[in-house]
Amino acid sequence: MPDVAAAKLHDLPIVHRSAMLAHWVSAFRPLAVSGTSGKSTTTAMVFEILRGTGRDPSVITGGDLLALQD
């Protein structure tokens, strides 16, 4: 993995994805979306609803959100 090799080369910490997710879930108020279909769409809608109420949400998703491509 080139990203891991680059991190090692620059003496940067390497954090496992599950440890990173555990940190964010414990440090903030999480909202999870699960199911067999429509998760990315639902996540995008929830993200936009929260932004529309003046909040500043973060998102971890496998789908592409157009709002984040600015």
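Residues numbered from 1 in each chain as written. Predicted model: local features only at pLDDT ≥ 70, side-chain atom pairs only at ≥ 80, totals over all residues. Heavy atoms only, no water.

S.K.: Could you clarify how one ought to interpret the overall build of the protein chain in this entry?
M.R.: The number of helices and strands found in the protein chain is three helices and zero strands. Listed by position from the N terminus, the elements making up the protein chain come as α-α-α. Relative to its length of 70 residues, the protein chain is extended, with a C-alpha radius of gyration of 15 Å against a globular reference of 11 Å. Seen through its C-alpha atoms, the protein chain measures out along the principal axes to roughly 40 × 30 × 25 Å. In the protein chain, buried positions account for 9% of the 70 residues. (Helix = DSSP H or I, 4+ residues; strand = E, 2+ residues; numbered from the N terminus. Rg over C-alpha atoms; globule rule 2.2 N^0.38 Å. Buried < 20%, exposed > 50% of the residue type's maximum accessible area, 1.4 Å probe, protein only.)

S.K.: Just checking my understanding: could you explain the packing of aromatic side chains for this structure?
M.R.: Each aromatic ring pair is characterised by the separation of its centres together with the angle its planes make. Counting across every chain of the model gives one aromatic pair. Consider the rings of W24 and F28, whose centres lie 5.2 Å apart with planes at 25 degrees: the pair is stacked. Given a relative accessible area of 39%, W24 falls into the partly exposed group. Overall, the relative accessible area of 51% leaves F28 in the exposed class. (Phe/Tyr/Trp six-rings, centres within 6.5 Å; stacked < 30°, edge-to-face > 60°.)

S.K.: What should I look at first to understand the pattern of salt bridges in this one?
M.R.: Close approach of charged atoms allows side chains with opposite charge to pair. In this structure the tally under the stated criterion is one salt bridge. With its nearest N and O atoms 3.6 Å apart, the salt bridge here joins R51 to E48. Taken as a pair, R51 and E48 lie in helix α3 (residues 39-52) at a separation of three residues, close to a single helical turn. By relative accessible area, E48 is classed as partly exposed at 36%. (Salt bridge = Lys/Arg side-chain N within 4 Å of Asp/Glu carboxyl O.)

S.K.: Would you take a moment to explain the confidence of the model for the protein chain for this structure?
M.R.: Low pLDDT marks stretches whose predicted atomic positions should not be read closely. Averaged over all residues, the pLDDT of the protein chain is 89; the fraction at 70 or higher stands at 99%. Per-element averaging of pLDDT across the protein chain places helix α2 (residues 17-27) at the bottom with 90 and helix α1 (residues 2-9) at the top with 93. (pLDDT = per-residue confidence, 0-100.)

S.K.: What am I meant to see in the side chain of T43 here?
M.R.: Position of T43 relative to the elements: it lies in helix α3. Apart from residues lying up to four places away in sequence, T43 is in contact with V33, V59 and T61. (Contact = heavy atoms within 4.5 Å.)

S.K.: Looking at this model, I keep getting lost on a nonpolar patch on the surface. Mind explaining?
M.R.: There is a patch of nonpolar side chains on the surface, built from W24, F28 and I60 and spanning about 330 Å² of accessible area. Within the element layout of this structure, I60 appears in the segment after α3. (Patch = residues over 30% accessible without salt bridge, like charges linked within 9 Å, V, L, I, M, F, W, Y side chains within 5 Å. Areas by Shrake-Rupley, 256 points an atom, 1.4 Å probe, with all protein chains shown as cover.)

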